[in-house]
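Chain residues, written in single-letter form:
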Amino acid sequence: MNGASNRYPTAELRALDAAHHFHPFTDTLQLNAEGSRVITNAKGVWLTDSEGNRILDGMAGLWCAQIGHGRDEVAEAVYKQMLELPYYNTFFKTTHPPVIALSEKLAEISPPQFNRTFFCSSGSEANDTVFRMVRFYWDQMGKPEKKVIIGRWNGYHGSTLAGTSLGGMKAMHEQGDLPVPGVRHIDQPYWFGEGGDMSPEDFGIAVARQLERAIDEIGEDKVAAFIAEPIQGAGGVIIPPSTYWPEISRILKERDILFVADEVICGFGRLGTWFGSEYFGIEPDLMPIAKGLTSGYLPMGGVLVSDKVAEGVIGKGGEFYHGYTYSGHPACAAAALVNLEIIQREKLVERVANDIGPYLQARWRALGDHPLVGEARMTGLVGALELVPEKGNRKKAFADTGTVGTLCRDISFGNGLIMRAVRDSMIISPPLVISHDEADQLVALARKTLDDTWAELKRQGKVAA
Ligand SMILES: Cc1ncc(COP(=O)(O)O)c(C=O)c1O
């Protein structure tokens, strides 16, 4: 069949998909029993499926479509680049104009300590690069015993061996005996789920101090780096208490270890700053990036490298034996460049900080009055609703974690809104171009979805009638 087509009946597309397509992060047996939803078109914040249904993309694809879908300008820039130079590598003392221009642009928009980017094709590859680069850095600095990287439980840093290991997703670790040696995890700053009787502020300090204790236990001379997302995305949009990042920063300033802020979700305007680190006032040494770098139009990732790390990995000479065939791919670089130009021209970062961010946040937080919602939180344009069986009681969760979240997600899809379920919370991360009117529609669809889910749970006897 012709890959670009939506001329085929849905049933036929589903049957072929079930027969030949192995989906990521999917129970394929279960999916094939139900059938995939076939998405055929996208424009702005709207998706269309093979049945002609319009669906509001509350997740910006997978947290990536900052400028919205279907912008001709990106397609034209990529087409032009492909006619000129569709591919060349950046290994053997070669480079090309798009990757040069993109490197310069990233140095311009990132915090002042960053002037170099190492390119790859995804967030997972970016974190594999981090894993190897921090170890190479310490080798170069004459401290090869500094090897351990500390991450956080329920953090997400991708799905490759290094990404899975640095992340703290226990279900992922269980498949394949991960993490790899040399990785440790501390607790996450998830007050709603794990804060017990502490205030958010006390809890923020307490979990941050686990970093201090872990460094002391392992020995500072053995710790290479600490890695964390400014706001955990895939873990459930965990927005840390206000005390958390200041305390982590204090600890890191006193210790001779590298700080890696994984900006794959928080980067490129999601929090109303170019990078999430700027929102929290933290100063990382390395920043893995992907997703919003190209708004998902083509796959590209990278690691922003601070002058301090560059001095170690480059300044001392010697080859870093690491790279990818597609590092700095010219067509992907062209897509990234035009995407960043659009973000700048349309002032999307400022828009999230001062306009659509506060607008949607106020309406999203108002969903907190729903009987099914224990907490409605949002920073910038990334938010979550915690679904609970007994409002006002943070300690009581639904039995069989994830069932209610999945039910709510499926109802939401049916209502024409994509929200993602993480355990029993609902997540949104819409395109930064979403209009006020579309934001109103999103919230109205979310409320209808909560009502429908509540009614279904009542029917099932899972909440008080
Ligand atoms: C914070 C973070 N890091 C890394 C990744 C992995 O990126 P990719 O799926 O492009 O490999 C993700 C993906 O969701 C992410 O959220």
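Residues numbered from 1 in each chain as written. Predicted model: local features only at pLDDT ≥ 70, side-chain atom pairs only at ≥ 80, totals over all residues. Heavy atoms only, no water.

Novice: When you look at the packing of aromatic side chains in this model, what are you seeing that I'm missing?
Specialist: We describe a pair of aromatic rings using the distance from one ring centre to the other and the angle between the two ring planes. Summed over all chains, the structure comprises twelve aromatic pairs. With a centroid separation of 4.9 Å and 75 degrees between ring planes, the pair formed by Tyr 137 and Trp 138 is classed as edge-to-face. The exposure classification of Tyr 137 matches that of Trp 138, with both residues buried. Note on Trp 245 and Phe 280: the rings are 6.4 Å apart at their centroids and 40 degrees apart in plane angle, and the pair reads as tilted. With Trp 245 in helix α11 (residues 244-254) and Phe 280 in helix α12 (residues 276-280), the pair connects residues that are 35 residues apart, well separated along the chain. Among the aromatic side chains, those forming a connected cluster through ring pairs are Phe 226, Tyr 244, Trp 245, Phe 259, Tyr 279 and Phe 280. (Phe/Tyr/Trp six-rings, centres within 6.5 Å; stacked < 30°, edge-to-face > 60°. Buried < 20%, exposed > 50% of the residue type's maximum accessible area, 1.4 Å probe, protein only. Helix = DSSP H or I, 4+ residues; strand = E, 2+ residues; numbered from the N terminus.)

Novice: Mind showing me how you'd approach helix α6 (residues 123-140) here?
Specialist: In an α-helix, one turn spans 3.6 residues; hence positions three or four apart end up facing the same way. In a regular helix each residue adds 1.5 Å, so 18 residues correspond to 26 Å; α6 covers 25 Å between its end C-alpha atoms and thus fits that length. Extensive coverage of α6 is indicated by the burial of 13 of its 18 residues. Phi turns positive, to about 75 degrees, at Gly 142, one or two residues after α6. (Expected span 1.5 Å × (residues − 1).)

Novice: I'm lost on the nonpolar core in this one. Help?
Specialist: Looking at soluble globular proteins, one finds that nonpolar side chains tend to be buried together. Of all hydrophobic cores here, the largest spans 63 residues; its most connected members are Leu 102, Leu 106, Phe 268, Trp 364 and Leu 387. Sort the elements by how many residues they give to this core and helix α14 (residues 330-345) lands first, with ten residues. Each of domain 1 (37-70 + 355-460) and domain 2 (73-346) gives at least three residues to this core. With residues near it in sequence (within four places) discarded, Leu 102 still touches Phe 119, Leu 293, Met 300, Ala 333, Ala 336, Leu 337 and Leu 340. Among the nonpolar cores identified, the runner-up in size contains 37 residues, and Val 207, Ile 218, Leu 252 and Cys 266 belong to it. (Core = buried A, V, L, I, M, F, W, Y, C linked by side-chain atoms within 4.5 Å. Domains from an automatic or database assignment. Contact = heavy atoms within 4.5 Å.)

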